[in-house]
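Summary of structural features
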Amino acid sequence: MTEIDKIRSVIAGVELFRGLEAGELDLLAERMKVVHFAAGEVLFRENSPREALFVIAEGCVELAKTDAYGARVKVASFGAGDFLGEGSWERGSLHSTTAVVTVPAEVLRLGRDFFTRDAALSLKILSNIMRVISRRMRNANAMRLSPAAQYESGRTRLEHDLLGERPVPYEAYYGVQTLRAMENFDISGVTLNFFPVLIESLALVKKAAALANRDLGLLEDGVAGAVIAACDDLAMGKLHNHFTVDMIQGGAGTSTNMNANEVIANRALELLGREKGDYAACHPNNHVNLSQSTNDAYPTAVKIALIKSNARLVETLETLVASFEAKSREFSRVIKMGRTQLQDAVPMTLGQEFGAYAATLREEAERLQQNARLFLEVNMGATAIGTGINSDPDYPPKVIARLREVTGLDMANSADLVEATQDTGAFVMYSAAVKRLAVKLSKICNDLRLLSSGPRAGINEINLPPMQPGSSIMPGKVNPVIPEVVSQIAFKVIGNDLTVTLAAEAGQLELNVMEPVIVYSLFESIEMLRNGMATLQRRCVDGITANEERCLALVRGSIGLVTALNPLLGYEASSAVAREALETGASVYDLVLSKGLMSREALDSALAPENMIAPRKMPARKE
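Procedures and definitions
- All chains use their own residue numbering, which begins from 1 and follows the written sequence.
- For a predicted model such as this one, the threshold for reporting local features is a pLDDT of at least 70, and the threshold for listing and counting side-chain atom pairs is 80 or more; totals across whole chains, interfaces and linings nevertheless cover every residue.
- Note: side-chain values were computed over all heavy atoms of the structure, leaving out hydrogens and water.
- A helix here means a DSSP run of H or I that spans at least four residues, while a strand means a run of E at least two residues long, and both kinds are numbered starting from the N terminus.
- Throughout this description, buried means an accessible area under 20% of the type-specific maximum (1.4 Å probe, protein chains only), exposed means over 50%, and partly exposed covers the range between.
- The contact criterion used throughout is that any non-hydrogen atoms of two residues lie within 4.5 Å.
- For accessible areas, the Shrake-Rupley method is used with a probe of radius 1.4 Å. Any residue's cover is judged against the shown protein chains and nothing else.
- We score Asp and Glu as negative and Lys and Arg as positive, and we do not count His or the chain ends.
- Charge positions are represented by NZ for Lys, CZ for Arg, CG for Asp and CD for Glu.
- Paired rings are identified among Phe, Tyr and Trp, the last through its six-membered ring, by centres lying within 6.5 Å, and are further divided according to the angle between planes into stacked (under 30 degrees), edge-to-face (over 60) and tilted (the rest).
- Only when the NZ of Lys or the CZ of Arg is both within 6 Å of the ring centre and within 35 degrees of the ring normal is a charge said to sit over the ring.
- Here the nonpolar core consists of buried residues drawn from Ala, Val, Leu, Ile, Met, Phe, Trp, Tyr and Cys, with membership extended through side-chain atoms lying within 4.5 Å.
- How sure the predictor is of each residue is captured by pLDDT, a score from 0 to 100.

A word on the overall build of the protein
When helices and strands are tallied, the protein shows 21 helices and 14 strands. Across its three principal axes, the protein shows a C-alpha extent of roughly 105 × 65 × 45 Å. Buried positions account for 51% of the 623 residues belonging to the protein. Taking the intrachain contacts of the protein between residues at least 6 apart in sequence as the baseline, contacts between residues at least 24 apart amount to 72%. As presented, the protein carries roughly 28600 Å² of accessible surface, and 53% of it is formed by carbon and sulfur atoms. Distance between charge centres in the protein, computed from 65 positive and 75 negative side chains, equals 5 Å.

Things to note about the packing of aromatic side chains
Aromatic ring pairs: the centre-centre distance and the angle between the two ring planes describe each pair. Across all of its chains, the model carries eight aromatic pairs by this definition. Ring geometry for Phe331 and Phe354: centres 5.3 Å apart, planes at 75°, overall edge-to-face. In this pair, Phe331 is assigned in the loop between helix H9 (294-330) and strand E9 (335-340) and Phe354 in helix H10 (residues 350-372), connecting sequence segments 23 residues apart. The pair formed by Phe331 and Phe354 is uniform in burial state, with each residue classed as buried. Aromatic rings pair up to connect Phe324, Phe331, Phe354 and Tyr357 into one cluster. Stacked on the ring of Tyr170, the Lys or Arg Lys276 has its end atom at 6.0 Å from the ring centre.

Structural notes on unusual backbone geometry
Cis geometry marks the peptide bond from Gly454 to Pro455; its omega dihedral reads 5°. Positionally, Pro455 belongs in the loop between helix H13 (425-451) and strand E13 (462-463). In this structure, Leu239 is a non-glycine residue whose phi angle is positive, near 65°. Mapped onto the fold, Leu239 is located in the loop between helix H6 (221-235) and helix H7 (254-271). With a relative accessible area of 6%, Leu239 lands in the buried category. Residues other than glycine seldom take positive phi values, yet Ala252 does so here, at roughly 60°. Mapped onto the secondary structure, Ala252 falls in the loop between H6 and H7.

Overview of the environment of Arg550
Position of Arg550 relative to the elements: it lies in helix H16 (residues 548-556). Look at Arg550 and you get partly exposed, because its relative accessible area is 32%. Remark: the alpha-carbon pair of Arg550 and Glu527, spanning 23 residues in sequence, is separated by 38 Å.

Section: the nonpolar core
The biggest cluster of nonpolar side chains holds 116 residues, and the ones touching the most others in it are Leu198, Leu448 and Leu536. Element by element, the count of residues in this core is highest for H9, at 14 residues. Apart from residues no more than four positions distant in its own chain, Leu536 is found in contact with Leu320, Leu441, Cys445, Leu448, Ile482, Val486 and Val541.

Comments concerning the confidence of the model for the protein
In this model, the protein carries an average pLDDT of 90, and 95% of its residues clear a pLDDT of 70 or more. Here helix H21 (residues 609-612) stands out as the least confident element of the protein, with mean pLDDT 72; helix H5 (residues 196-215) is the most confident, with 98. Segment residues 142-153: pLDDT under 50, and 41 contacts once partners within four positions in sequence are set aside and those in other chains are kept.

Quick look at the structure:
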């Protein structure tokens, strides 16, 4: 086979070139150049000119985008048959993402100048490109741009279920049960594809089940291979736009499970060379859902997704902790007045205050990891209620072994599958840990707002970085908007925890049908906290500065200084000095000297900053 023949065989299966005649495919193949890339090499960079269209023949390419903070964020992964840079026909346009090779790739490159040579052929390709762009825009959401959005023709296919026949969009990978769920549950507007990690985890569960069923001889090799390959596509981020069911749904997650089953079955059929909906060859229930029910597959996928999401949440939390630790070191010599009940207490350093914030949040990282480990226990093989009906007795250990293999997690089956199928205690425990983190974050944000209050008529010990004008009527006003928004996130998380608690309590008998709202609440809380903590760290904590002179002046003028003298003067004498200072406005320092209670040298030593912020040896009591 010549190189041109190889190129033609690749592009013939690429939907971007749908409708091209044999001669047009030959001409296109002649204009394409084969380029090989090693892992780590870049096809194009964000904000660079679009110069070519790329078709992946082999390997894998990851698209990434720079976020508002300069960090690179994965958008999608692309494999064989996918295309990139379709906007290259437009002269002067720039790439909005960076394409990095993750698995050594063979790529077909079509230069931009092609579109100026053959008007008729270019028009056909451009027509397809416009449909792709239109479809991608329709299937985009605030969380994720769908990387695998395909064409719409207006055609339908007939599918049937228990309730009868329904036409399903021809290009849709979902089926009739997903279609009914879309109609029934127009609730939150937040669909499954808002949380890619959940879809990826569903794919891992289905893959493990297919591997176990193949091991047991229950699933024929060809069908099993197609199902496994379809699951791999989902795990790479493909076809997520076909997960269209609302996160809040009746049926204990059945609609989510069937959405996954149908997408995997139809992608498997495509890989087998069959039409979508030809379920005799690969059926959503008979093959993809073999040895499973929603009641074991769905909560297992949720637990895997929560473990993965928790790892990212902890990573963001640890970055915030590091920022507070850096500020603790920066402010280690800044003396200020500590406060209890919003009243002057005793001196401390601003570094100690920020160090306490770091320490209290570090505890939460430990608690989150501890509670997330509860999700390692699952109920695969329980099927409907934990009795294992419709599964092989050898299936549970097989599927757990395969699940450990595909996830890399130390997963184990519960000792009592009936109990595990109805129990949602792990979700309650984890939600409580998430709430605890939210409460601490809000408390810290309240402190930051108080410490920065003013600037002239408040405490004004620290300056928060100014983010935006604070008033439409008061010139010069700048508000602490970042701590404010984090506190609002905390309120939402606290409310979500109550939702999880009520939903867990509402489970009756052998199954908790309220799991979907538990799942939605947890993922929403995690996503909001991750975003909130990243915003707090980057747009607030990193930019905080200290008003050192203001801090010292407040210490010197505070009645709280007398506490440091209490061990030396005794409680009665110290109280008298404090009372007189309050009544006359005189300073504690001057009153102690004027009354001859201490020498200046002894007083200066007692009130030296280093002697007021840590324990020190006390004078021996005289008999």
